[in-house]
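Commentary on secondary and tertiary structure
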Amino acid sequence: RLALLRRRVQEFRDNSVKSFFSREIHVAKAVLKEYADLIIAAGASRNDPLSRQQLEDKGFRIADFSRSSRTFTLYEACCSIFHRGSLDPLHKTDAFLDLWPQICDVYNRD
């Protein structure tokens, strides 16, 4: 199933005539749809925020998120759909932060 999703993502990027941003939003939504149950199960937020160091120790580097990056497009779409628009990574659950690298791997694969 994961291999099929990766193939669909690559085909969409290869064959789309849409603008870069429009294409990336569609790819992000397709990837998030496949991970929807896991994202929902991971929960939307934690009561006590992590420190920036704790967040980076979990592999979530805030410095990697420029507004023009592919990863930010995916993160913004995820937060909009599943986390009521909250972009603050310090309040994300451990389960979500553990899942995030898997989602990014599929999304960012060229």
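Below is a short write-up of the structure. (Residues numbered from 1 in each chain as written. Predicted model: local features only at pLDDT ≥ 70, side-chain atom pairs only at ≥ 80, totals over all residues. Heavy atoms only, no water.)

1. Details of the nonpolar core
- In terms of nonpolar packing, the biggest core is built from 30 residues, with Ile39, Trp100 and Ile103 touching the most fellow members.
- Elements with a contribution of two residues or more to this core: helix H1 (2–15), helix H2 (20–42), helix H4 (70–82) and helix H5 (94–108).
- Excluding anything up to four places from it in sequence, Ile103 contacts Val31, Leu32, Tyr35, Ile39 and Leu74. (Core = buried A, V, L, I, M, F, W, Y, C linked by side-chain atoms within 4.5 Å. Buried < 20%, exposed > 50% of the residue type's maximum accessible area, 1.4 Å probe, protein only. Helix = DSSP H or I, 4+ residues; strand = E, 2+ residues; numbered from the N terminus. Contact = heavy atoms within 4.5 Å.)

2. A few points about the pattern of salt bridges
- Within this structure, the stated rule accounts for 3 salt bridges.
- Among the ionic pairs, Asp105 bridges to Arg6, the shortest N-O distance being 2.5 Å. Taken together, the positions of Asp105 in helix H5 and Arg6 in helix H1 put the pair 99 residues apart, joining distant regions of the chain.
- According to the relative accessible area criterion, Asp105 is partly exposed, its value standing at 33%. (Salt bridge = Lys/Arg side-chain N within 4 Å of Asp/Glu carboxyl O.)

3. Looking at the packing of aromatic side chains
- Per the stated rule, a full pass over the model turns up 3 aromatic pairs.
- Both rings, one in Tyr75 and one in Trp100, keep their centres 5.5 Å apart while their planes meet at 80°; by these two values the pair is edge-to-face. In this pair, Tyr75 is assigned in helix H4 and Trp100 in helix H5, connecting sequence segments 25 residues apart. Assigned by exposure class, Tyr75 and Trp100 land together as buried. (Phe/Tyr/Trp six-rings, centres within 6.5 Å; stacked < 30°, edge-to-face > 60°.)

Any link to function would need more than the numbers given here.
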